[in-house]
Amino acid sequence: MTGVLAAQHLRQMIADGVISALPAILPEQVQPASLDLRLGTTAYRVRASFLAGKGRPVADRLAEFEMHRVDLSAGAVLEKGCVYVIPLMERLSLPPGLTAVANAKSSTGRLDLLTRTITDGGTEFDRITDGYDGPLYAEVCPRSFSVLVRAGQRLNQIRFRQGQAVLSDSDLAALHLVEPLVDGTPVISEGLGFSVDLRPASGDLVGYRAKPHTGVVDLDRIGHYPASEFWEEIRTTEGRIILDPGAFYILVSREAVTIPPNYAAEMAPYLAMVGEFRVHYAGFFDPGFGHAAAGGAGSRGVLEVRCHEAPFVLEHGQVVGRLVYERMAERPDALYGEKIASNYQGQGLKLAKQFR
């Protein structure tokens, strides 16, 4: 069996103890091609972000860098600009040949809530080697807003892979001919390129910029906060905007993309030298995203953009990222947007689900 493991495989892995947790994993954590991970009861405020390093457990590094502990049992505020390490409720016991990759969930990325997974002996963020047997930790750094979090909340997710599943450019081009992946001519180069939309079909609203001084966002409050208290609207009729250094933006892709049921995708940077900005991605696209069979008609990719040292002119149609497609080991028994609650099916320019 080669490819990204589907929901039915994940349920079997839970039954077999490959994935375990206390308390037990909930059915709603299982997504079409990934598993949501839950925060534990304690957050460790640390001096700096770190990786455990070869042969070293995270617990040893926490002893080096811990400043204080925060009890998340009844909820607590994680402060903007601070770094926290939170043991997760789930742990892994991976067999040889099965690897995993983690990523932030969509709403996490849209809140500019930097969330990465670290492991004992880990030398990379969000990458878990085959044969790993041990706990999982989330490193959480709120960058635009302080957030109220509770034990059991799900900020990141994990995807499992057996063997090499990435589609080559020629495979991707062939797939597009059979099942169009974008509405228009595809830009294929180490994945499917996508560009920024700064000439909307109607109106002049092209994005949002996070306000620098705001209140706390309670992650459990859905559709609660007026967007205007946390975000400035970005409007243009010129097809370009100037990004301010240090500012965080929510923009949207020009292309409406589709992920067919037998495939999954992950967002990745297009080019390191494309400009003075970084598109930070909540990177997993599930099978069925934007797909007609799951109630979609192509869905835009939301772009989470942070400008670096110098102001930068971003132009309509500028390529800013790419989607890397992978084969599923098997079609999931439920697609994104089909039978399951999917907040962003058929999306356009959209803020995180906490805002109205």
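No experiment lies behind these values; they were computed from the predicted model shown.

Chemist: I'm lost on the overall build of the chain in this one. Help?
Modeler: Across its full length, the chain carries four helices and 26 strands. Over its C-alpha trace the chain gives a radius of gyration of 20 Å, about what one expects of a compact globule, namely 21 Å for 356 residues. Its C-alpha atoms put the chain at 55 × 50 × 35 Å along the principal axes. Within the chain, the fraction of its 356 residues that count as buried is 55%. Partitioning the contacts of the chain with sequence separation of at least 6, the portion at a separation of at least 24 is 81%.

Chemist: What's the story with the sheet that holds strand 6 (residues 76–78) in this structure? I'm lost.
Modeler: Each strand in a sheet pairs with its neighbour through backbone hydrogen bonds, running either in the same direction (parallel) or in the opposite one (antiparallel). Strand order in the open sheet formed by three strands is 6-12-17, with mixed pairing between adjacent strands. Of all the strands in the sheet, just strand 6 and strand 17 (217–218) have a single pairing partner and so form its edges. Bridge analysis of strand 12 (residues 147–149) against strand 17 gives two bridges, and the strand direction is parallel. By the bridge assignment, Leu148 is partnered in strand 17 with Asp218.

Chemist: Which parts of the structure should I look at to understand the pairing of strand 25 (residues 312–315)?
Modeler: Remember that side chains alternate between the two faces of the sheet whenever the strand is regular. Here strand 25 shows one buried face, formed by Phe312 and Leu314, and one open face, formed by Val313 and Glu315. By the bridge criterion, four bridges tie strand 19 (residues 240–243) to strand 25 in an arrangement that is antiparallel. From the neighbouring strand, Leu243 faces strand 25, where its bridge partner is Phe312.

Chemist: What's the story with the nonpolar core in this structure? I'm lost.
Modeler: Within soluble globular proteins, side chains that are nonpolar generally end up buried alongside one another. Leu92, Leu94, Ile158, Phe160, Val217, Trp231 and Phe355 are the most contacted members of the largest nonpolar core, which has 52 residues in total. When residues of this core are assigned to their parent elements, the largest contribution, four residues, is made by strand 7 (residues 83–93). Setting aside its immediate chain neighbours within four residues, Leu92 contacts Val18, Ile19, Ile128, Tyr132, Asp133, Gly134, Leu136, Ile158 and Phe160. Core analysis: the second largest hydrophobic core is formed by 34 residues, Val196, Leu251, Ala265 and Leu314 among them.

Chemist: Just checking my understanding: could you explain unusual backbone geometry for this structure?
Modeler: Negative phi is the rule for most residues except glycine; trans is the rule for most peptide bonds. Following Leu22, the chain continues to Pro23 via a peptide bond in cis, the omega torsion being -10 degrees. Position of Pro23 relative to the elements: it lies in the loop between strand 2 (19–21) and strand 3 (35–37). Of note, Asp126 is a non-glycine position whose phi angle comes to about 65 degrees, a positive value. Inspection of the secondary structure puts Asp126 in the loop between strand 9 (113–119) and strand 10 (127–128). Overall, Asp126 belongs to the buried group, its relative accessible area being 12%. Here the phi dihedral of Glu190 falls at roughly 55 degrees; this positive angle occurs in a residue that is not glycine. Mapped onto the elements of the fold, Glu190 is located in the loop between strand 14 (187–188) and strand 15 (192–195).

Chemist: Sorry if this is basic, but what is going on with the environment of Lys105 here?
Modeler: The topology assignment puts Lys105 in the loop between strand 8 (98–104) and helix 3 (106–110). Judged by relative accessible area, Lys105 falls into the buried class, the value being 19%. Taking the C-alpha atoms as reference points, Lys105 and Asp126, 21 residues apart in sequence, are found 13 Å from one another.

Chemist: Sorry, what's going on with the environment of Gly184 here?
Modeler: Inspection of the secondary structure puts Gly184 in the loop between helix 4 (169–178) and strand 14. Taking the C-alpha atoms as reference points, Gly184 and Gly317, 133 residues apart in sequence, are found 12 Å from one another.

Chemist: Would you mind showing me how to read helix 1 (residues 7–16) here?
Modeler: Turn by turn, an α-helix covers 3.6 residues, leaving residues three or four places apart pointing in a common direction. Among the residues making up helix 1, those that are buried are Ala7, Gln8, His9, Leu10 and Met13. Packed against the buried residues of helix 1 are strand 2, strand 3, strand 8 and strand 13 (156–162). Directly after helix 1, the chain includes Gly17, whose backbone phi takes a positive value near 85 degrees.

Chemist: Sorry, what's going on with the pairing of strand 4 (residues 42–46) here?
Modeler: With four of five residues buried, strand 4 lies mostly within the body of the structure. Two strands pair when backbone bridges link them, and strand 4 and strand 5 (residues 66–71) are joined in this way by five bridges, in the antiparallel orientation. By the bridge assignment, Arg45 is partnered in strand 5 with His68. Of the strand pairs in this sheet, strand 4 and strand 7 are connected by three bridges, and their pairing is antiparallel. Bridging from a neighbouring strand, Arg45 pairs with Tyr84 of strand 7.

What counts and how
- Residues numbered from 1 in each chain as written.
- Predicted model: local features only at pLDDT ≥ 70, side-chain atom pairs only at ≥ 80, totals over all residues.
- Heavy atoms only, no water.
- Helix = DSSP H or I, 4+ residues; strand = E, 2+ residues; numbered from the N terminus.
- Rg over C-alpha atoms; globule rule 2.2 N^0.38 Å.
- Buried < 20%, exposed > 50% of the residue type's maximum accessible area, 1.4 Å probe, protein only.
- Contact = heavy atoms within 4.5 Å.
- Pairing = 2+ DSSP bridges.
- Core = buried A, V, L, I, M, F, W, Y, C linked by side-chain atoms within 4.5 Å.

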